[in-house]
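Descriptive analysis of the structure
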Amino acid sequence: FLSTRNCPCKMSQLPPKSPLASPVSEGMNSTVESLDNLSMDSFWLEVENIKQSAEAEQEECSLADVKTQEEGEAEAEWLQDAGLSDLLGDRASGNDNVLLSTLTKTQAAAVQRRLDTYSRSRRRKNKHPVRDVRDIFGVVSSEETAAEKEESSPDPLWHKLRNSNVQKKTQDYSCTVRNPGKEEMFNMDVAYSEQAAVLLKGSFLSESRRLKDGNALTKFKIPKGRLGVTRIGDLSAQDMKKIPTLALIELTALCDVLGFELKRNKAAKLKTTEKRLFGVPLNTLLENDQKLLPNTKVPLLLQALLSCLEKRGLETEGILRVSGSQTRIKSLEQKLERDFYTGLFSWDEVHQNDVSGLLKRFIRELPAPLLTAEYLPAFAAVQNIPDLKQRLQALNLLILILPEPNRNTLKALLEFLSKVVARENNNKMNLWNVSTVMAPNLFMHKGLPNKIPEGKEKQLAEGAADVVRMMIHYQDLLWTVSSFLVAQVRKLNESNSKKYQFCDKRIKNLLRKIHADKDKVEKNQAEPSKIVKVHASLLLKESLEVHLNNATRVADVLRQFQKNLCQNGWNIVNTVNLLKCNNSMECTNLLLYEVGGNIGEHCLDPDTYLLDLYHINPHAEWIIKQNPSYPRMF
């Protein structure tokens, strides 16, 4: 196969394979095939195409210099990115940091490890004394044994999980490949790192190899609790800003539990360009696009490329794999730079393979990788986690960490790739074909240094393709905000105006308080019913009184609202769309939002039980709004 060492745009540095990876399990289902037997021809052909394209513009393919970080620098950067910058420096103190009060046991341990390393590095440099980690957390240093920590922890959840038998743990949290067609539960109520810590205490089956095609991949279902499921986009921008820091801490804790290092690159400086479309940072593209079309979340050029391919390219055999003419693609790029924003560019006569070439070129030419320079190694390292469910947990957190422009752009791309796979019978592009073609465009970047261990090219290439395959196949799951993260956001909002005095045994006292709060909520939930007001000022002048009981869901309130409109003489036949799903009627054009209290704004799942939500956030207002994806008709 083609060695990437000969390519001026090489695959970005990927960590060596984790010692956690276990050998291939014997006796696995006969339909399971390892990646060793899969064709990587499409991957290396794409690498060759990228190489030829880069050679034509050699001057644009220089590698950026990345300085090696000194001891403690990576930890200081991590603490900064995790929203814990007030723990740095000579006046470090956790007294005013409410984020610490929301952390789980494994998350607090991850913070403590980085703070330990940072503190030691500062002492070695003979700088001013730094605050000891014990003064902030009120616990002994990280040298304390795990067993001592567990015995001293009052966390009832931890003890409950720890004392469960091994078989139950496996059923709850692990994922095997013995029944690839079977649906598995994907628990989002308990922090992933806590789940992993429990699993490592017992024996569990891990999927050590990948599967060949999408049909054999394990199916996962997120069990809906009484508070429903929260998708990316359901939370307000204000609350979503809190998610990346929480996700970074949780991802680090998960990596710590699994036993491998979370690698992050230092953000590279972006080179300026005179172009307006290709090679322009996502933020700049969106700023320019929003002047023409406010609220644009995905670059207009990418939307145009995807739209053109969806209209005329989905049926084209070998779309994405078969390369267009490099000369035509370069000419098209120049025409787009000149005419795209004027509206004079016509897509009618453009070859579909040239459009797919432009799409891949747009992704590669971004000044920073779509998966970001900082976290590209972490995305690549996901392949080293032996258990499929834990790989998906890590990917879910990484996607939450991505900046919003990158995350929205990636989602638009993955949705298109899913449509390509869905037309496999016509275009001959199955999930693996699409993944191997797109992986080099996402994981190879000219602006990042590259150190590939000798003989590791094939393994790293397969791993990158497998990560792309997971992102395509499981994107609905990956674009979900875990319930435990939403709960942490609520705690942050509740605590934001309060100051916690961190002293000895602070974390233990916090856990006791959390347990007491849970007991209080359980007592409140004993209340059989409640009458609340639901507002819909844009649709109806008067508020709607709703009688809540333990069975009242969001969908029920929306139906009651529709009925109330009918009784008041409103003609809504053409304005409210009804959809029959699972033997229930839902107003798909109306949404119920939770606003205020311990949340900014939260679009509620139709299956949310409102009395439970009321007990968790009694000070919120509930407002009915039109679905923004539907045209306004009122």
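Residues numbered from 1 in each chain as written. Predicted model: local features only at pLDDT ≥ 70, side-chain atom pairs only at ≥ 80, totals over all residues. Heavy atoms only, no water.

1. Notes on the confidence of the model for the protein chain
A low pLDDT means the predicted coordinates there should not be read in detail. Under the convention used in this document: As a per-residue quantity, pLDDT reports the predictor's confidence and falls between 0 and 100. In this analysis, two residues are considered to be in contact whenever any of their non-hydrogen atoms come within 4.5 Å of each other.
Taken residue by residue, the protein chain gives an average pLDDT of 76. The fraction at 70 or more is 67%. Every residue in residues 499-504 scores below 50 in pLDDT, and together they form 20 contacts with partners more than four places removed in sequence or on other chains.

2. A short note on the nonpolar core
What counts, and what does not: Working definition of a nonpolar core: buried Ala, Val, Leu, Ile, Met, Phe, Trp, Tyr and Cys residues. They are joined through side-chain atoms within 4.5 Å. Each residue's exposure class comes from its accessible area (1.4 Å probe, protein chains only) as a fraction of the maximum for that residue type: buried when under 20%, exposed when over 50%, partly exposed otherwise.
Counting 129 residues, the largest nonpolar core has Leu 84, Leu 320, Phe 379 and Phe 443 as the members making the most contacts within it. Core analysis: the next-biggest nonpolar cluster, separate from the first, contains 21 residues, Val 554, Leu 592, Trp 622 and Ile 624 among them.

3. Here's the deal with the packing of helix 10 (residues 243-258) against helix 16 (residues 388-401)
The following threshold applies: Only the contacting stretch of a helix is used when fitting its axis, a line to C-alpha atoms as for every element, and angles between N-to-C directions run 0 to 180 degrees. For helices the rule is a DSSP run of H or I covering at least 4 residues; for strands it is a run of E covering at least 2, with both sets numbered from the N terminus onward. Note that the term roughly parallel is reserved for angles under 35 degrees, roughly antiparallel for angles over 145, roughly perpendicular for angles of 65 to 115, and oblique for everything else. What makes a crossing left-handed is the near helix being turned counterclockwise from the far one by less than a right angle; a clockwise turn instead makes it right-handed. Just so you know the grouping, Ala, Val, Leu, Ile, Met, Phe, Trp, Tyr, Cys and Pro go in nonpolar, Asp, Glu, Lys and Arg go in charged, and all remaining residues, Gly too, go in polar.
Where helix 10 meets helix 16, the closest approach of the two axes is 8 Å, and the angle between their N-to-C directions is 150°. As the angle between them shows, helix 10 and helix 16 are arranged roughly antiparallel. Helix-helix and strand crossings are classified by hand; for helix 10 and helix 16 the assignment is left-handed. On the side of helix 10, the interface is formed by Ile 243, Pro 244, Ala 247, Leu 248, Glu 250, Leu 251, Leu 254 and Leu 258, while helix 16 contributes Gln 390, Gln 393, Ala 394, Leu 397, Leu 398, Leu 400 and Ile 401. Looking at the contact of helix 10 with helix 16 residue by residue, the classes come out as twelve nonpolar, two polar and one charged.

4. So, empty space enclosed by the protein
To be explicit about the condition: Cavity: a set of points on a 1 Å grid over the protein atoms alone where a 1.4 Å probe fits but cannot get out. Pocket: an open set with protein on both sides within 12 Å along at least five of seven lines, its lining residues, like those of a cavity, having an atom within 4 Å of a point. Grid points are joined across faces, edges and corners, and a volume is the space filled by probe spheres set on the points.
Across all of its chains, the model carries seven cavities of 30 Å³ or more by this definition. By volume, the second largest cavity amounts to about 100 Å³. Every residue along the wall of the second largest cavity is listed here: Glu 46, Asn 49, Ile 50, Ser 53, Ser 323, Gly 324, Gln 326, Ile 329, Gly 357, Lys 360, Arg 361 and Arg 364. Mapped onto the lining of the second largest cavity, the elements with two or more residues apiece are helix 1 (41-55), helix 13 (326-339) and helix 14 (352-365). Here the lining of the second largest cavity is built from residues that sort into two nonpolar, six polar and four charged.

5. Remarks on the pairing of strand 9 (residues 590-596)
Moving residue by residue along a regular strand, the side chains alternate between the two faces of the sheet. Where we set the bar: Note on pairing: DSSP must find at least two bridges between two strands before they are called paired.
Within strand 9, five of the seven residues are buried, which leaves it mostly tucked inside the rest of the structure. Sheet topology note: the strand 9/strand 11 (residues 621-626) ladder contains six bridges and is antiparallel. By the bridge assignment for strand 11, Leu 590 is matched with Gln 626. As defined by bridge partners, strand 9 adjoins strand 10 (residues 599-603) across four bridges and the pair is classed as antiparallel. What sits directly across from Glu 594, in strand 10, is His 602. Linking two consecutive strands that pair antiparallel, namely strand 9 and strand 10, is a turn of two residues; a positive phi of about 75° is found at Gly 597 within it.

6. Digging into the sheet that holds strand 9
An order of 6-5-11-9-10 is seen for the five strands of this open sheet, with the pairing classed as mixed. In this open sheet, the two edge strands, each paired with only one partner strand, are strand 6 (544-549) and strand 10. Pairwise comparison of adjacent strand axes, ignoring direction, gives a mean angle of 30° for this sheet.

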